[in-house]
Number of protein chains: 2
Amino acid sequence: MSSAAPRPADPDHLWSVEEHLEDVLATVRPLEPIELNLLDAQGCVLVEDITVAVSLPPFDNSSMDGYAVRVADVAGASEEFPAVLEVVGDIAAGLASSLRVGPGQAARIMTGAPMPPGAEAVVPVEWTDGGLGEGPVTGMPAHSLVPEGAQGQVQVHRAAEAGAHIRARGGDARSGDRALDAGTVLGPPQIALLAAIGRGTVKVRPRPRVVVLSTGSELVQPDEALADGQIYDSNSFALTACARDAGAIAYRVGAVPDDAETLRSTIEDQLVRADLMVTTGGVSVGAYDVVKEALSHVGDEDEPGSGVEFRKLAMQPGKPQGFGTIGPDHTPLLALPGNPVSSYVSFELFVRPAIRTLMGLDDVHRPRTRARLVADKALTSPAGRRQFLRATVSDGSVRPVGGAGSHLVAALAQADALIVVPEDVESVEPGTEVEVVLLG
Amino acid sequence: MSSAAPRPADPDHLWSVEEHLEDVLATVRPLEPIELNLLDAQGCVLVEDITVAVSLPPFDNSSMDGYAVRVADVAGASEEFPAVLEVVGDIAAGLASSLRVGPGQAARIMTGAPMPPGAEAVVPVEWTDGGLGEGPVTGMPAHSLVPEGAQGQVQVHRAAEAGAHIRARGGDARSGDRALDAGTVLGPPQIALLAAIGRGTVKVRPRPRVVVLSTGSELVQPDEALADGQIYDSNSFALTACARDAGAIAYRVGAVPDDAETLRSTIEDQLVRADLMVTTGGVSVGAYDVVKEALSHVGDEDEPGSGVEFRKLAMQPGKPQGFGTIGPDHTPLLALPGNPVSSYVSFELFVRPAIRTLMGLDDVHRPRTRARLVADKALTSPAGRRQFLRATVSDGSVRPVGGAGSHLVAALAQADALIVVPEDVESVEPGTEVEVVLLG
């Protein structure tokens, strides 16, 4: 094991939730960064400081559709006594122009177009007659339909100060400014900024690839017929959805029967596309718990960084858990119990933080809060086990849903929170303030 | 236009934010539902009530690894005076078994395996000698390694009540129970439940396909060299990321030059993959605003449901906006202004709700809150315009970031909220409570 956390030597040691989590997070390392196209990097963590290479905007440009003028030419202009200027042509955004604005002249200019030499301000088209000689206008006719709009005379009805309606070069960001710091999570506004300063690719930690497989000879895929003693595989679907929700690219392998050799070869096959592997079932004390049986033999046994350890946790649900690394790349593997609620709670507590650690995020845990218990009777919890109960939370109150049985998946679909009952508490009266994990 | 909202007749009418939003949401309809595989339906809205077809669990089964016994045979058993039973064999989950448990007999049984006829309770393996005759054990040896574990005698150290450690058929959900209601958003727990009850596909509203294109002859793709008068295209990246963030499948077309014919043919080409189309730029009063010029000619002009209307909104940024439907399927199109901050704010206020309406979600808007303004000086806002200012919010306080200029994309990357300054307010003093849009 390549774990940095000290391991209790006693194989019968009952691990606390914190000890197990600490072991997982001490072993899992953020993925190596790669250069990704901007939109492929959405939701990822930047690993480089980004500096502005070209000032934004890169040149003085007009913030309005209007006329580029010299300040002296429009001084004192009014609708009654307009300034009359000669229009020397159009300056459109992105079209090359060699126009200059001399005394008594104006250039018709579009939003975003570069200011022509000689001009000191822009007057919006609504402050002019638009060249029509008939009072104020509300806009310009399309150049493609009325090309002569770029010629003749224009009457300007208001004065303009120097710099009016001009976006100055570097007014948004200057060359050399820090645009984004390493560690920033790239959402839409950060992607906007990176594109705006010309960055088409960035170095980020990629989304981890998570392979999810459930084990159990009793498992049948949904939409298939159930024979006696069979149930539907739900864990592989649930945890694949959970892994995506946590930010991963998840691959659902589905159910593997309780045969150690089949499981071992399936895991070895899947390793090539896994940054993290999650199994469910087969981790307890039964005679057919093949995950436990198979996983001590996966990968290079002589390699010190390889091996999966099975342990008991002081929690309910989720007592039996396996964790370690397998294969030549020491890929982390979490072996969760098979009960649907146990595997779901285990995912939230241990796998989600592992995925978010692989992504390089600072914030790896679900948020927690405190809320007042609303229930018909006291909650009971086994001594020495930390209990996680499905619940709904709103307005500072939390209500348990469904029973404590770990097979009650129906109630899980109603829950948006988990009530945490500490190890040393065996009973919680209604009205007590309790700790709550918010499931997003 | 297929809008249900009454339209102001005056073409110079200044639209309020509410009028424009109401027009958009009255026109956009939820997409037709389709049957999707469970994991493809993640995040989508269910349109059918789901009933449990087969009880969950479908049969009485063991909740522990242990021994299935008759209650009378273990009555009064203790470690000192164990009950000694004949082991008739193993019952593993998912493996067919014809075992019966008669008087004086026990079957070794695994978690999830069906209860054999004759047995009334399960005693966990930790309450037995595991068949080894050497006191309590902590688990079973793997069957593949020690097949004789399923034979011989077992000593049971504790009594068990009828039904102990048995999960009763239907204990989680009964055939005919309502599992999920139409309108439920499918997250991981709902997917878990659907799989558990055997549903491999469900009828949901699909994610909308959103085509994003920016317009402007001045736009260059990131990583390309900038010539004079050119800037980088950031809107197509930003809004594609925003659309995904809202739940859509987004296609970035990139920048189209300011030529009406090119724009028209690009939009007509893209229509086939669009449930919603978003353009940026070219909607104002300039002579080269080709979106405005082109869009009255897209699609069938004789079709009453087609047409895009351009209007002025009483807001800042985001005054010029276009909205309508185009093409044979009356595909909604929102034409946003071209300034990066204007287009981003317009997306949040109008496009995001449209996408979420297409998805059939109830909750289409960003959440809002109230917070106390923290600033060095009063905020100023133009009379008659609703202003949206980028800001950061925490602990009930909100601080503006960057200036009011709509080109200040750098500040946008720091913001997590928008301050809303109403139309009739021209100045907001520090310490005033203001309305805030939370950007997630």
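Criteria and thresholds
Residues numbered from 1 in each chain as written. Chains lettered and ligands numbered in written order. Predicted model: local features only at pLDDT ≥ 70, side-chain atom pairs only at ≥ 80, totals over all residues. Heavy atoms only, no water. Helix = DSSP H or I, 4+ residues; strand = E, 2+ residues; numbered from the N terminus. Rg over C-alpha atoms; globule rule 2.2 N^0.38 Å. Buried < 20%, exposed > 50% of the residue type's maximum accessible area, 1.4 Å probe, protein only. Contact = heavy atoms within 4.5 Å. Areas by Shrake-Rupley, 256 points an atom, 1.4 Å probe, with all protein chains shown as cover. Lys, Arg positive; Asp, Glu negative; His and termini not counted. Charge placed at Lys NZ, Arg CZ, Asp CG, Glu CD. Salt bridge = Lys/Arg side-chain N within 4 Å of Asp/Glu carboxyl O. Least-squares fit on C-alpha atoms with pLDDT ≥ 70 in both. Domains from an automatic or database assignment. Buried area = accessible area lost by both parts, 1.4 Å probe. Polar contact = N/O pair within 3.5 Å; in protein donor to acceptor, adjacent residues only side chain to side chain. Nonpolar A, V, L, I, M, F, W, Y, C, P; charged D, E, K, R; others polar. Pairing = 2+ DSSP bridges.

1. Overview of the overall build of chain A
Part 1 of the reasoning: Of the regular secondary structure elements, chain A holds eight helices and 29 strands.
Part 2 of the reasoning: Here chain A has a C-alpha radius of gyration of 33 Å; the compact-globule value for 440 residues is 22 Å, and the former is much larger.
Part 3 of the reasoning: If you line up chain A on its principal axes, its C-alpha atoms span 95 × 55 × 45 Å.
Part 4 of the reasoning: Put simply, chain A has 440 residues, and 55% of those count as buried.
Part 5 of the reasoning: Contacts spanning at least 24 positions in sequence make up 71% of the contacts within chain A whose residues lie at least 6 apart.
Part 6 of the reasoning: When the accessible surface of chain A is totalled, it reaches about 17400 Å², and 47% of it is carbon and sulfur.
Part 7 of the reasoning: In chain A, 34 side chains carry a positive charge and 59 a negative one; their mean positions are 3 Å apart.

2. Some words on the pattern of salt bridges
Part 1 of the reasoning: Under the definition given, this model contains 32 salt bridges over all chains.
Part 2 of the reasoning: Between Glu48(A) and Arg199(A) there is a salt bridge, and its shortest N-O distance comes to 2.8 Å. You can see Glu48(A) sitting in the loop between strand 3 (45-46) and strand 4 (50-51) and its partner Arg199(A) sitting in the loop between helix 3 (188-196) and strand 13 (201-205), a full 151 residues away along the chain.
Part 3 of the reasoning: A salt bridge links Arg209(B) to Asp275(B), with the shortest nitrogen-to-oxygen separation between them at 2.9 Å. With Arg209(B) in strand 14 (residues 209-215) and Asp275(B) in the loop between helix 5 (260-270) and strand 18 (276-280), this pair connects stretches of sequence that are 66 residues apart.
Part 4 of the reasoning: Among the ionic contacts, a cluster of salt bridges with common partners joins Asp245(A), Glu348(A), Arg352(A) and Arg366(A).

3. Examining the relation of the copies chain A and chain B
Part 1 of the reasoning: When chain A is fitted onto chain B, the two copies agree to an RMSD of 0.1 Å after a turn of 180° and an axial shift of 0.0 Å. Accordingly, the operation relating the two chain copies is best matched by a two-fold axis.

4. As for the domain arrangement of chain A
Part 1 of the reasoning: With domains assigned, chain A is organised as domain 1 (14-31 + 206-358), domain 2 (35-57 + 177-205), domain 3 (61-167) and domain 4 (368-438).
Part 2 of the reasoning: Taking the mean C-alpha position of each, domain 3 of chain A and domain 4 of chain A sit 69 Å from one another.

5. Some thoughts on the interface of chain A and chain B
How big an interface is tends to be stated in terms of accessible area lost as the parts join.
Part 1 of the reasoning: Chain A puts 83 residues into the contact, and the matching count from chain B is 84 residues.
Part 2 of the reasoning: Taken together, both faces of the contact between chain A and chain B bury some 6500 Å²; the carbon and sulfur share is 63%.
Part 3 of the reasoning: Inspection of the region where chain A meets chain B yields zero salt bridges.
Part 4 of the reasoning: Taken together, the links from chain A to chain B amount to 28 residue pairs in polar contact (both at pLDDT 80 or more).
Part 5 of the reasoning: Of all the secondary structure elements, the ones that give two or more residues to the side of chain A that touches chain B are strand 12 (178-180), helix 3, strand 16 (231-232), helix 4 (235-245) and helix 8 (409-412) of chain A.
Part 6 of the reasoning: Across the side of chain A that touches chain B, the residue classes tally to 45 nonpolar, 21 polar and 17 charged.

6. Describing the pairing of strand 27 (residues 417-421) of chain B
Residues and elements named next belong to chain B.
Part 1 of the reasoning: With five of its five residues buried, strand 27 lies for the most part within the structure.
Part 2 of the reasoning: The two faces of strand 27 match: Ala417, Ile419 and Val421 on one face and Leu418 and Val420 on the other face are all buried.
Part 3 of the reasoning: Inspection of the sheet shows strand 25 (residues 386-394) paired to strand 27 by five bridges, in the antiparallel sense. Residue pairing for strand 27: Phe388 is matched across the bridge by Val420.
Part 4 of the reasoning: Examined bridge by bridge, strand 27 and strand 29 (residues 433-438) share four bridges and lie antiparallel to one another. When the sheet's bridge partners are listed, Val420 is paired in strand 29 with Glu435.

7. As for the sheet that holds strand 22 (residues 331-336) of chain B
Part 1 of the reasoning: Read from one edge to the other, the open sheet built from seven strands follows the order 1-19-21-22-18-14-17 (chain B), with strand pairing classed as mixed. Both outer strands of the open sheet, strand 1 (14-15) and strand 17 (249-256) of chain B, are each paired with one neighbouring strand and no more.

8. With respect to the pairing of strand 10 (residues 153-156) of chain A
Residue and element names in this part refer to chain A.
Part 1 of the reasoning: Burial along strand 10 is one-sided: Val154 and Val156 are buried, and none of Gln153 and Gln155, which face the opposite way, are.
Part 2 of the reasoning: Here four bridges tie strand 7 (residues 83-91) to strand 10, and the two strands are oriented antiparallel to one another. Bridged to Glu86 within strand 10 is Gln153.

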